[in-house]
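Here is how the chains run, residue by residue.
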Amino acid sequence: MAMSLLFGAVTSSALVLGALIGVRFELPKRVLAIILSFAAGALITALTFELFEDAYQRGGIWRAAVGLFVGAVVFTTLSALLDRWAQAGSNPVPADEYRGSPKLDTDAAAAGRAPAPPSTRGAAGLALVAAATLDGVPENLALGVSLGEGTGGLALLAAIFVSNLPEALVGAASMRSQGMSTPATIGLWGVCSVLLVVAVVVGAGPLSGSDPEAISLPLAFAAGAVIAALADTLMPEAYEHGGPAVALSTAAGFVLSFLLSLA
């Protein structure tokens, strides 16, 4: 229990840390792109070796594959709805022109460029809270399961931490641009972080003793949500603002996470 609380506190602390940075500082867009791409590299290792492989070993390829596709479909559908919510009232963007995800609009957190309208309305920040919860809960459940069974989880811990940081940073900056007070912003992300701690404890407790085939499904679902987040948001956003150079930070995130998976 103590270890699950510690790991949960570490992963969720990234949300509070990101929110604190977002309400007080504006960072260069290239720095934000490097953070996003590093998180993407770390998540590639985590979803491969900590989530999907574990789901396959527990439940077989069909159960793991079905769980992964369900997770990807659910994340993609809800992500599209959150994007639409964040962009409500704005002029529609042509289908052949990519301008980034409204819910992860880094303009609000970056220096040298005015925030986009979705960010200044605050909907983008609230959408990011929902998105962080959507992919964070299954990830933290999986982390708790690995802790409960004594299988490590350091790579997944690192990946969750570095992916939570930019989401909270951009979300808090969006809320700042909209005029939300600092205590209210920090409090909202704090509530989200508490929920993720609870998910780790549940994974390490009741779920860790469940039937392996039953555990396979949430693990695969988490893998599907992560891979959808990579393709739908993190990688496109990182490349848009950082260019080809983000390939190096993606590789660095992958290598670091892989080394942690061997620990």
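So, a few notes on the structure that sits alongside this text. (Residues numbered from 1 in each chain as written. Predicted model: local features only at pLDDT ≥ 70, side-chain atom pairs only at ≥ 80, totals over all residues. Heavy atoms only, no water.)

Bringing the packing of aromatic side chains into the picture now. Throughout the structure, instances matching the rule amount to 2 aromatic pairs. Plain terms: the ring middles of Phe254 and Phe258 are 6.3 Å apart, the flat faces sit at 10 degrees to each other, and that makes the pair stacked. Taken together, the residues Phe254 and Phe258, both in helix H8 (residues 246-261) and 4 residues apart, mark about one turn of the helix. The structure contains a cluster of three or more aromatic residues connected by ring pairs, namely Phe49, Phe254 and Phe258. (Phe/Tyr/Trp six-rings, centres within 6.5 Å; stacked < 30°, edge-to-face > 60°. Helix = DSSP H or I, 4+ residues; strand = E, 2+ residues; numbered from the N terminus.)

Taken as a whole and assessed by the stated rule, the structure comprises 2 salt bridges. The salt bridge partner of Arg58 is Asp54, with a shortest N-O separation of 3.0 Å. In this pair, Arg58 and Asp54 both sit in helix H2 (residues 29-86), 4 residues apart, roughly one turn of the helix. Its relative accessible area of 17% is what places Asp54 among the buried residues. (Salt bridge = Lys/Arg side-chain N within 4 Å of Asp/Glu carboxyl O. Buried < 20%, exposed > 50% of the residue type's maximum accessible area, 1.4 Å probe, protein only.)

This brings us to a nonpolar patch on the surface. Together, Phe49, Phe254, Val255, Leu259 and Leu262 line one region of the surface with nonpolar side chains, adding up to about 460 Å² of accessible area. Tallying contributions element by element places H8 first for the nonpolar patch, with 3 residues. A relative accessible area of 33% places Phe254 in the partly exposed class. (Patch = residues over 30% accessible without salt bridge, like charges linked within 9 Å, V, L, I, M, F, W, Y side chains within 5 Å. Areas by Shrake-Rupley, 256 points an atom, 1.4 Å probe, with all protein chains shown as cover.)

The end-to-end C-alpha separation of H8 is 23 Å, in line with the 22 Å expected for 16 residues at 1.5 Å each. Those residues of H8 that sit buried are Val246, Ser249, Thr250, Gly253 and Ser257. The arc that holds the buried residues of H8, viewed along the axis, is 105 degrees, so those residues lie on one side. Projecting away from the buried face of H8 at angles above 90 degrees are the exposed residues Leu248 and Leu259. (Expected span 1.5 Å × (residues − 1). Arc of directions from axis to C-beta.)

Right, let's talk about the side chain of Ser37 for a bit. Tracing the sequence through the fold places Ser37 in helix H2. At 3.0 Å, the side chain of Ser37 and the backbone oxygen of Ile34 are in polar contact. (Polar contact = N/O pair within 3.5 Å; in protein donor to acceptor, adjacent residues only side chain to side chain.)

Two numbers describe how helix H1 (residues 2-24) lies on helix H6 (residues 182-204): the axes approach to 8 Å, and their chain directions differ by 160 degrees. By the criterion of interaxial angle, the relationship of H1 to H6 is roughly antiparallel. The two elements H1 and H6 cross, and the hand of that crossing is right-handed. Residues Ser4, Leu5, Gly8, Ala9, Ser12, Leu15, Val16, Ala19, Leu20 and Val23 of H1 lie in contact with H6, whose contacting residues are Thr182, Thr185, Ile186, Trp189, Gly190, Cys192, Ser193, Leu196, Val197, Val200, Val201 and Ala204. By residue class, the composition of the contact of H1 with H6 is 15 nonpolar, 7 polar and no charged. (Axes fitted to C-alpha atoms, helices over the stretch in contact; angles between N-to-C directions. Parallel < 35°, antiparallel > 145°, perpendicular 65-115°, else oblique. Left-handed = near helix turned anticlockwise from the far one by under 90°. Contact = heavy atoms within 4.5 Å. Nonpolar A, V, L, I, M, F, W, Y, C, P; charged D, E, K, R; others polar.)

These figures capture arrangement, not role.
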